[in-house]
Amino acid sequence: MNYADAFKASVAKVRAEGRYRVFANLRRAKGEFPRAHWRTEDGDVRDVVVWCSNDYLGMGQSPCVVGAMKQAIEDVGAGAGGTRNISGTTNYHVELEASLADLHQKEAALLFTSGYIANQATLATLGKILPGLVIFSDALNHASMIEGIKGAKCEKHVWRHNDVEHLESLLLQTPLDAPKLIALESVYSMDGDIGPLEAVCDLADKYNALTYLDEVHAVGLYGLRGGGVAERDGLMQRFDIIEGTLGKAYGVMGGYIAADAVIVDAIRSSAPGFIFTTSLAPALAAGARASVEFLKTSHHLREAHQARAAELKQRFAEAGLPVMDSKTHIVPLHVGDPVLCKRMTDSLLVDHGIYVQPINYPTVPMGAERMRLTPTPLHDEAMVEDLISAMTAVYREHAAAKLA
Ligand SMILES: *Cc1c(COP(=O)(O)O)cnc(C)c1O
């Protein structure tokens with residue numbers, strides 16, 4: 001086999017489908033977010049406003065978070081120096097896990113190096129711990145959950161997105177005494193809709209299933225203390241396992257699950273993705289804990305965030321732009337073509353200093369290509385004005401013919 005040709009062909013296919021990815025080289029300046037400096041391919045540096053960050057509240061530059069990380073580095077140095085079992089557990093990890101267990105009102109929490117690994121490792125391991133497990137997974141669950149469920153090597157059923165009747169019909173076809181797990185997200189981050197949390201809990205009670213909730217795009221943002229949509233809706237106790245990230249609203253890095261102590265103990269003892277990897281750097285754990293604790297009492301920031309998102313949706317609608325229906329802080333604008341989507345976001349960046357990443361297949365289905373905007377409380381009125389006029393111009397120039 002000619003290996004180089006095989007790799008080239010693989011990339012050529014991606015290019016031909018208009019979804020070749022180019023990473024924008026950004027330099028955030030602490031204190032200036034959502035402004036950042038963009039380094040072009042020619043090496044020029046230009047000021048841009050970032051409209052697609054998952055650092056939803058700007059916690060990545062918060063003095064309390066940055067201060068905690070600096071202090072931790074001063075105190076204990078850079079890395080953890082080992083896996084959790086072999087010299088890599090520190091007080092920073094233990095305290096962060098306690099903070100997360102408290103956030104979700106669970107007995108325990110377990111840290112992973114990312115939210116992706118938390119999902120992948122936990123779901124795969126549940127399949128090994130529970131013989132005969134049958135997993136019921138929402139059709140739009142994140143890639144990390146899909147990988148975990150594949151790794152669980154058990155029977156699985158995919159229920160149509162947010163369709164609890166379909167879910168129930170699948171549950172009915174499964175023996176009542178078979179162990180079952182229902183897995184879903186609270187906030188689906190591409191459409192900005194919310195899973196049917198309460199109905200799923202009711203079905204789980206009726207059919208004796210475990211419940212697994214990915215709150216990655218909700219932790220820090222929903223609920224009185226940032227515990228997510230399940231906290232907001234009074235449902236945290238009804239979910240057996242809640243999974244979250246420290247890399248989005250919390251502005252740092254890492255992932256976790258929160259659950260009964262016995263569940264956490266079982267995953268901790270069996271999940272390769274937890275056991276065989278160096279634990280999070282102490283500074284990351286320190287920064288994440290500062291962020292989680294800060295946001296437990298910063299309800300005003302959550303309200304400002306929601307207000308900003310609501311305003312942006314309304315402004316887009318008033319400007320006649322194709323804003324998609326969203327129940328959350330996510331603001332998607334429909335494009336429907338990968339090449340056009342890329343051309344429009346290139347124009348926003350180059351001509352208007354506005355950075356929005358195109359969202360193409362496989363992140364969303366083909367034909368559902370879009371721009372996904374994530375307003376923060378740090379985007380001010382002038383930035384919103386600039387965005388509306390730039391977006392209007394770009395749609396007029398590039399998309400009008402196509403969308404008409
Ligand atoms: C981003 C994301 C993850 C992964 O979290 P990371 O901490 O970024 O690895 C998991 N689930 C969902 C729904 C996500 O959007």
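One can find the structure itself at the top, above this paragraph.
What counts, and where the lines are drawn
Residues numbered from 1 in each chain as written. Predicted model: local features only at pLDDT ≥ 70, side-chain atom pairs only at ≥ 80, totals over all residues. Heavy atoms only, no water. Helix = DSSP H or I, 4+ residues; strand = E, 2+ residues; numbered from the N terminus. Buried < 20%, exposed > 50% of the residue type's maximum accessible area, 1.4 Å probe, protein only. Contact = heavy atoms within 4.5 Å. Areas by Shrake-Rupley, 256 points an atom, 1.4 Å probe, with all protein chains shown as cover. Lys, Arg positive; Asp, Glu negative; His and termini not counted. Charge placed at Lys NZ, Arg CZ, Asp CG, Glu CD. Phe/Tyr/Trp six-rings, centres within 6.5 Å; stacked < 30°, edge-to-face > 60°. Lys NZ or Arg CZ within 6 Å of the ring centre and 35° of its normal. Patch = residues over 30% accessible without salt bridge, like charges linked within 9 Å, V, L, I, M, F, W, Y side chains within 5 Å. Salt bridge = Lys/Arg side-chain N within 4 Å of Asp/Glu carboxyl O. Near = heavy atom within 4 Å. Polar contact = N/O pair within 3.5 Å; in protein donor to acceptor, adjacent residues only side chain to side chain. Nonpolar A, V, L, I, M, F, W, Y, C, P; charged D, E, K, R; others polar. Pairing = 2+ DSSP bridges. Axes fitted to C-alpha atoms, helices over the stretch in contact; angles between N-to-C directions. Core = buried A, V, L, I, M, F, W, Y, C linked by side-chain atoms within 4.5 Å. Parallel < 35°, antiparallel > 145°, perpendicular 65-115°, else oblique. Left-handed = near helix turned anticlockwise from the far one by under 90°.

**Focus on the overall build of the protein chain**
Next, step 1: Tallying secondary structure elements over the protein chain gives 14 helices and 16 strands in all.
Next, step 2: Taken over the C-alpha atoms alone, the protein chain extends approximately 60 × 55 × 55 Å along its principal axes.
Next, step 3: Counting all 404 residues of the protein chain, 52% fall into the buried class.
Next, step 4: Of all intrachain contacts in the protein chain linking residues separated by at least 6 positions in sequence, the fraction that spans at least 24 positions is 70%.
Next, step 5: Summed over its atoms, the accessible surface of the protein chain is roughly 17800 Å², and 54% of this surface lies on carbon and sulfur atoms.
Next, step 6: Considering the protein chain, the positive charge centre built from 39 side chains and the negative charge centre built from 49 side chains are found 4 Å apart.

**Topic: the packing of aromatic side chains**
Next, step 1: In this structure the tally under the stated criterion is one aromatic pair.
Next, step 2: The ring of Tyr20 has Arg15 lying over it, and the distance from NZ or CZ to the ring centre is 3.7 Å.
Next, step 3: For Arg28, the ring lying beneath its charged end belongs to Phe33, and the centroid distance is 3.9 Å.

**Quick notes on the pairing of strand 4 (residues 108-112)**
Next, step 1: Among the five residues that make up strand 4, five are buried, leaving the element largely enclosed by the rest of the structure.
Next, step 2: Burial along strand 4 is two-sided: the residues Ala108, Leu110 and Phe112 and Ala109 and Leu111 are all buried.

**Quick look at a nonpolar patch on the surface**
Next, step 1: On the surface, a cluster of nonpolar side chains totalling about 480 Å² of accessible area is made up of Met1, Tyr3 and Phe7.
Next, step 2: Checked against the element boundaries, Met1 lands in the segment before helix 1 (3-16).
Next, step 3: We classify Met1 as exposed; its relative accessible area is 78%.

**Here we look at the site of the ligand**
Next, step 1: Surveying the vicinity of the ligand reveals 13 residues, the closest of which are Gly115, Asp214, His217, Thr245 and Lys248.
Next, step 2: Backbone polar atom of Gly115 to an oxygen atom of the ligand: 2.8 Å apart, as the coordinates give it.
Next, step 3: The separation between an oxygen atom of the ligand and a polar side-chain atom of Lys248 is 2.8 Å.
Next, step 4: The fraction of the free accessible surface of the ligand (380 Å²) that becomes covered by protein chains is 84%.
Next, step 5: Ranked by residues supplied to the shell around the ligand, first place goes to helix 4 (residues 115-129) with three residues.
Next, step 6: For the shell around the ligand, the class distribution of residues is two nonpolar, eight polar and three charged.

**Here's the deal with the sheet that holds strand 16 (residues 370-373)**
Next, step 1: The sheet built from three strands is open, its strands ordered 13-16-15 with antiparallel pairing. A single partner strand is all that each edge strand has here, and the edge strands are strand 13 (331-334) and strand 15 (358-359).
Next, step 2: Across the sheet, helix 12 (residues 299-318) lies against strand 13 and strand 16, angled at about 20° from strand 13, the strand it touches most.
Next, step 3: Running at roughly 45° to strand 16, helix 13 (residues 338-352) makes contact with strand 15 and strand 16 of the sheet.

**Quick word on the pairing of strand 5 (residues 134-138)**
Look at any regular strand and the pattern is simple: side chains alternate between the two faces of the sheet.
Next, step 1: For strand 5, the buried fraction is high: five of the five residues fall into the buried class.
Next, step 2: What you see with strand 5 is no split at all: Val134, Phe136 and Asp138 on one side and Ile135 and Ser137 on the other are buried throughout.
Next, step 3: In the sheet, strand 5 pairs with strand 6 (residues 155-159) via five bridges, with the strands oriented parallel. Each bridged residue has a counterpart across the sheet, and for Val134 the counterpart in strand 6 is Glu155.

**Structural notes on the nonpolar core**
Next, step 1: The biggest cluster of nonpolar side chains holds 53 residues, and the ones touching the most others in it are Leu100, Ile182, Phe239 and Leu246.
Next, step 2: Of all hydrophobic cores here, the second largest spans 25 residues; its members include Leu312, Phe316, Val335 and Ile388.

**Some words on the packing of helix 2 (residues 63-76) against helix 11 (residues 282-296)**
Next, step 1: At a minimum axis separation of 8 Å, helix 2 and helix 11 run at an interaxial angle of 150°. Between helix 2 and helix 11, the angle is such that the two are roughly antiparallel. Between helix 2 and helix 11 lies a crossing whose hand is right-handed. Between helix 2 and helix 11, the residues in contact are Cys64, Val65, Ala68, Met69, Ala72, Ile73 and Val76 and Pro282, Ala283, Leu284, Ala286, Gly287, Ala290, Ser291 and Phe294, respectively.

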